[in-house]
Amino acid sequence: MPRRWRFRPQAACSMRFVPDLRQSANPWVILLRPTTWISLLVTLQILSFTTVSAIGSEQKLFNDLFRFYNKKVRPVKNFSHPIWVTFDMALNQIADMDERNQVLKTNIWTTETWMDEMMRWNPLEYDGIDQIRIPSSDLWMPDITLYNNADTGGYSKGNGSASNCLVSYTGEVMYVSKPTILKSTCLVYVKYFPFDVQACKMKFGSWTYNSLQLNLTKQSERPVLRSFIKNEQWNLELTLTRQHVVRYDCCPEAYPDVTFYVCMRRKPLYYIYNLITPCILLCALSFLGFFMPYNIGVVKANLSVTLILSLTVFLLLVAQMMPRTSMEIPLIGQYYLAAMSLISVSTAMNIAVLNVNVCNREVPRWVQVIVLKYLAIVCFQNCSCAIEPTKPKKIPRDESTGMIRLRPSPLLGRRIASSSLEQDSNHFNLGKTSELRMTRSMRVFHERHEELEPRFGKLESYVEQIFKHLKAVQKKNDKKAALREEWVKVATILDKVLLIMFSIATITTTLSLLLQKPSADTETLCYDIINNDLDEIVT
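Bear in mind that the values here come from a model prediction, so they are computed numbers and not experimental data.

A. The packing of helix α3 (residues 269-285) against helix α4 (residues 298-321), seen in detail. One can describe the packing of α3 onto α4 by two numbers: an axis separation of 10 Å at closest approach and a directional angle of 160°. As far as their axial angle goes, α4 and α3 are roughly antiparallel. In this structure, the crossing between α3 and α4 has a hand that is left-handed. Facing Tyr271, Asn274, Leu275, Pro278, Cys279, Leu282 and Leu285 of α3, the residues of α4 in contact are Leu303, Leu307, Ser310, Leu311, Phe314, Val318 and Met321.

In structure tokens, the structure reads:
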């Protein structure tokens, strides 16, 4: 049986409750008692102080802010009000410029600032906390996108560049992304390569919110360059920030964007050392073909063909660097083509001169006048057109008979005298003087000479025929030598004239192509490219 409590008087110095078994069975009576409510309030107060001291003021602030927060809708109390987003970019490095694919690779981080009306509190209620850091995945974020993106990842909050947002008690939210690598498309102008200037842009804007829902503005006139690292291939000449409001064909509303322009000039030393200097040396080697002797013939043509093949290899290297465009041909490509054409022409000139050198017919009159007379003056050469033939020696003849006169041979006289001396050695006295022996020998020689005179007549006729044949052969050889000498002079003069023409063409082509540059300075050229882009946006 349940017990009940009742109040019983005790001694004067003490009072206590005693159970009253008749009244303790009703619970409403217990709840209506004042002592019950007092004990309950004291318990709740003790529990509240314990909870606050356990979670802290920042956790309480976080719980209060996100109690009714929805990150899927814009954080505005009036739907007709747009959210003003301030956008800025810090350029850290120009990592690479891929001219072939027309892609600019940069290292950047971005800063976005906007007002979130759902993120406001009184700092006095939370121990003076005026700023908190909240992960960007828990807040509403503007869908800022890089329009001219050239990478699959691109610029988005879902990649590795996401970070925390700095939230102020006034509702201002600032988001600073982590440093990230961006790949953006860039229209490359290759005409003045490797002395070119390129202006690339990075266009940021909301992908779904129009200007009535999100108004994107720029924070400064130029990107932040405090931590910029210089590039070994490019010089940063100019940076600009422009704000645009564009209407697209898909949607009637206007969409704002912030575009950052990066203008840079290429450092040409690498290309001068590896591409231009070898081409100039190869063109200089082509001059050797005009100084080679004519008797090596084929070697001159082989030299020119080898130079053409070498230039073709360098031209392929240039083609691999440049984009596949038909709008413009770079100057260095034009120079290589011009050099190959000039070397081909020099090869044809050398072959023509070789053919002229071995020609064996009569030199035409017009060739003698043009080449040996006028072009010789241009080459500062004095050449005579006529060549004196070699004069043949006169054959001694007898004036009375017209026969060839042969002089007595001293050797023959000695032989006859020695034979007569041997036959008549018995009739002479060896002791006589030498004068008598000489007289006898001469008389014997004259007697034998009269006996051999008819035989000498036949011999004279044979010798005369031989001399006539030798004279004809000599005249023919003299004529051939004269023609050959004359054609050699023509070939020499033509070779020098063609060398002068080739030198003038090579020097003119080299200076006109390699020294060609834009008429304006770098800054003016950058502004012209940017203004052209702005004109395209307006139209």
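B. Representation of the packing of aromatic side chains within the structure. Within the structure shown, the criterion is met by 14 aromatic pairs. Considering the side-chain rings of Trp114 and Trp140, the 6.3 Å spacing of their centres and the 80° angle between planes classify their relative orientation as edge-to-face. With a gap of 26 residues between them, Trp114 in strand β4 (residues 103-115) and Trp140 in the loop between β5 (131-135) and β6 (144-146) connect regions that are remote in the sequence. Note on accessibility: Trp114 and Trp140 belong to one class, buried. Members of the aromatic cluster, connected to one another through ring pairs, are Phe62, Phe66 and Tyr69.

C. The arrangement of the sheet that holds strand β12 (residues 234-247) in detail. Spatial ordering of the open sheet is given by β6-β10-β13-β12, a layout of 4 strands whose pairing is antiparallel. Of all strands in the sheet, those with a lone pairing partner are β6 and β12, marking the two edges. Pairs of neighbouring strands in the sheet enclose a mean axial angle of 20°, with direction left out of account.

D. Looking closely at the pattern of salt bridges. Counting across every chain of the model gives 7 salt bridges. Among the salt bridges present, the one from Arg266 reaches Asp196, with a minimum N-O distance of 2.7 Å. With Arg266 in strand β13 (residues 254-266) and Asp196 in the loop between β9 (180-185) and β10 (197-206), this residue pair connects regions lying 70 residues apart in the sequence. The partner of Asp257 in a salt bridge is Lys203, with the nearest N and O atoms 4.0 Å apart. In this pair, Asp257 sits in strand β13 while Lys203 sits in strand β10, placing the two residues 54 residues apart along the sequence. Among the charged side chains, a network of salt bridges with common partners joins Lys60, Asp64 and Arg67.

The rules behind each value
Residues numbered from 1 in each chain as written. Predicted model: local features only at pLDDT ≥ 70, side-chain atom pairs only at ≥ 80, totals over all residues. Heavy atoms only, no water. Axes fitted to C-alpha atoms, helices over the stretch in contact; angles between N-to-C directions. Helix = DSSP H or I, 4+ residues; strand = E, 2+ residues; numbered from the N terminus. Parallel < 35°, antiparallel > 145°, perpendicular 65-115°, else oblique. Left-handed = near helix turned anticlockwise from the far one by under 90°. Contact = heavy atoms within 4.5 Å. Phe/Tyr/Trp six-rings, centres within 6.5 Å; stacked < 30°, edge-to-face > 60°. Buried < 20%, exposed > 50% of the residue type's maximum accessible area, 1.4 Å probe, protein only. Pairing = 2+ DSSP bridges. Salt bridge = Lys/Arg side-chain N within 4 Å of Asp/Glu carboxyl O.

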